[in-house]
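# Structural description and commentary
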Amino acid sequence: MIGVNPLECKILVLGYRWALIEKLHRRGLSFAVWAAKKPKRKKIDFRLYVAPFPKKKTPLLESYVSFFGPESFTHVLACTEESVVPASHLRAFFGVKRFPKQIARRCHNKIIMKKFLHRKHIPMSTFMVSPKDPDALEKNLGLPCISKLANLSGGKSFLIHPSKESLQPWCQKKRIFESFLEGKEYSVESLIRDREIVFENVTEYYEKGRVNILPGHLPDEVKRVILDLNQKVVRDLGIVWGLTHAEFFVGPKGVFFGEIALRPPGGYIMELISLAYGEDFWGRFLDVELGIPFTKIPEPKYVVASVMDHQRDEGYYEKPKRWESLQNMKSTVKARHVVKIGQTLSKQQSISDLTGYVIHRCKDRQEVLDAIESTRSIFRGE
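Model, not experiment: these values are computed from the prediction.

Conventions we followed
Residues numbered from 1 in each chain as written. Predicted model: local features only at pLDDT ≥ 70, side-chain atom pairs only at ≥ 80, totals over all residues. Heavy atoms only, no water. Salt bridge = Lys/Arg side-chain N within 4 Å of Asp/Glu carboxyl O. Helix = DSSP H or I, 4+ residues; strand = E, 2+ residues; numbered from the N terminus. Core = buried A, V, L, I, M, F, W, Y, C linked by side-chain atoms within 4.5 Å. Buried < 20%, exposed > 50% of the residue type's maximum accessible area, 1.4 Å probe, protein only. Contact = heavy atoms within 4.5 Å. Pairing = 2+ DSSP bridges. Axes fitted to C-alpha atoms, helices over the stretch in contact; angles between N-to-C directions. 1 Å grid on protein atoms, 1.4 Å probe; cavity = no way out; pocket = protein on both sides within 12 Å on 5 of 7 lines; lining within 4 Å. Points joined across faces, edges and corners; volume = space filled by probe spheres on them. Nonpolar A, V, L, I, M, F, W, Y, C, P; charged D, E, K, R; others polar.

## As for the pattern of salt bridges
In total, this model carries 23 salt bridges according to the counting rule given. Glu207 is the partner of Arg376 in a salt bridge, and the nearest nitrogen-oxygen pair spans 2.5 Å. Of this pair, Arg376 sits in helix α12 (residues 365–379) while Glu207 sits in strand β10 (residues 196–207), and the two are 169 residues apart along the sequence.

## What about the nonpolar core?
Across soluble globular proteins, nonpolar side chains have a tendency to be buried as a group. By size, the foremost hydrophobic cluster in this structure holds 93 residues, and its most contacted members are Ile11, Leu12, Trp34, Leu90 and Ile239. Here this core takes 7 residues from helix α9 (residues 269–277), the largest share from any one element. Leave out the neighbours within four places in its chain, and Ile11 touches Leu24, Leu29, Ser30, Phe31, Ala32, Phe73, His75, Leu77, Leu286 and Leu290. Trp323, Ala335, Ile372 and Phe379 belong to the second-largest nonpolar core, a separate cluster that totals 16 residues.

## Side note on the sheet that holds strand β6 (residues 145–149)
The 4 strands are arranged β5-β8-β6-β7 in an open sheet whose pairing can be described as antiparallel. On the outer flanks of this sheet lie β5 (127–129) and β7 (159–161), each paired with one strand and no other. Averaged over all pairs of adjacent strands, the angle between strand axes in this sheet comes to 25 degrees, irrespective of strand direction. As paired elements, β6 and strand β8 (residues 175–179) share 5 bridges and run antiparallel to each other. When the bridges of β8 are listed, Cys145 appears paired with Ser179. Set on the sheet, helix α5 (residues 110–119) makes contact with β5, β6 and β8; between it and β5 the angle comes to about 135 degrees. Contacts between helix α6 (residues 134–141) and the sheet are confined to β5, β6 and β8, with β5 contributing the most and set at about 160 degrees to the helix.

## Points about the layout of surface pockets
Using a probe with the size of a water molecule, rolled over the atoms, empty space left in the structure can be pinpointed. Looking at the second largest pocket, its volume works out to about 510 Å³. In terms of lining, the second largest pocket is formed by 16 residues, of which the most central are Lys55, Val85, Arg105, His108 and Asn151. Looking at the lining of the second largest pocket, the elements with two or more residues in it are α2 (57–68), α3 (84–94) and α4 (101–108). Class assignment for the residues of the lining of the second largest pocket results in 6 nonpolar, 4 polar and 6 charged.

So, in structure tokens, the structure goes:
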């Protein structure tokens with residue numbers, strides 16, 4: 001590893017991401033993991049601290065010291081949304097490569113983010129914060145409108161409000177409400193070094209929360225608008241290094257910014273990028289975090305997709321019929337159950353509540369669209 005001495009490198013990973021842990025093992029790096037919840041994986045062959053991430057600096061540091069004592073780390077990697085601001089506090093505590101707290105907060109708290117970028121003239125939907133009055137929401141945002149919590153990834157708290165009556169139970173809670181945008185959603189994953197974007201990928205939300213395709217399919221001129229807007233958002237936020245995941249809407253009225261996250265994305269996008277570009281993208285993320293010299297990532301070689309199956313009803317999880325035929329499809333790279341067969345399912349809380357997923361790798365878009373339709377048909381039990 002150019003520029004990094006494994007004997008001098010000690011990494012604290014905030015948030016459990018198994019693919020990254022595997023990469024750290026393979027590189028022979030010293031690391032520990034602080035996870036908010038206990039991992040389901042039975043074999044834990046690394047130091048693991050399981051405790052919530054306190055929101056305030058003092059209890060955060062007290063929690064850290066209670067487990068790690070006076071130990072220090074050379075790098076802190078934020079891998080989940082709830083760990084972005086704690087990582088900033090811990091870097092300052094260790095006196096290592098710092099990320100100003102105000103930048104971390106702008107990339108984490110959607111209310112702070114939207115207000116800041118609105119002042120920078122970034123095009124976005126009209127929004128209001130906890131207005132209390134559903135009439136004001138209807139007047140200013142129109143119906144339907146959406147709402148979500150300020151400090152969670154959008155998919156985990158996302159609600160659509162089709163009527164004024166559906167707004168009533170939520171409008172007095174600490175949520176950000178936004179006008180509903182017609183159109184299609186895309187995300188841009190960017191690797192940043194020394195304030196410069198060194199890699200960009202566009203992911204298409206073919207079916208939001210259920211199907212992701214990359215590279216995303218859209219006209220070159222629209223793609224350029226999205227990438228230019230992404231660069232402006234990254235620059236205005238003052239992001240110096242790291243991996244960002246920004247979401248954009250493309251519709252009849254143009255391109256609008258949705259939100260940005262300063263951490264690796266979910267939805268199996270990290271794995272999709274690795275498959276499409278023929279590169280180990282978790283490794284590239286680690287290179288950026290450790291300051292290892294970056295070599296250009298080539299153009300994508302494949303069109304790839306993740307198709308996610310969501311629990312439909314309460315009850316027991318049953319393996320979809322024709323699951324074996326799904327596993328044997330030529331394009332299938334991976335087909336996994338997220339929950340155990342026969343496991344009791346509770347009421348679905350968010351689009352992140354999955355029962356299974358499939359990843360496809362194809363030579364062209366039509367082939368991947370055919371694979372997606374075949375997979376969805378099997379998930380539907382047809």
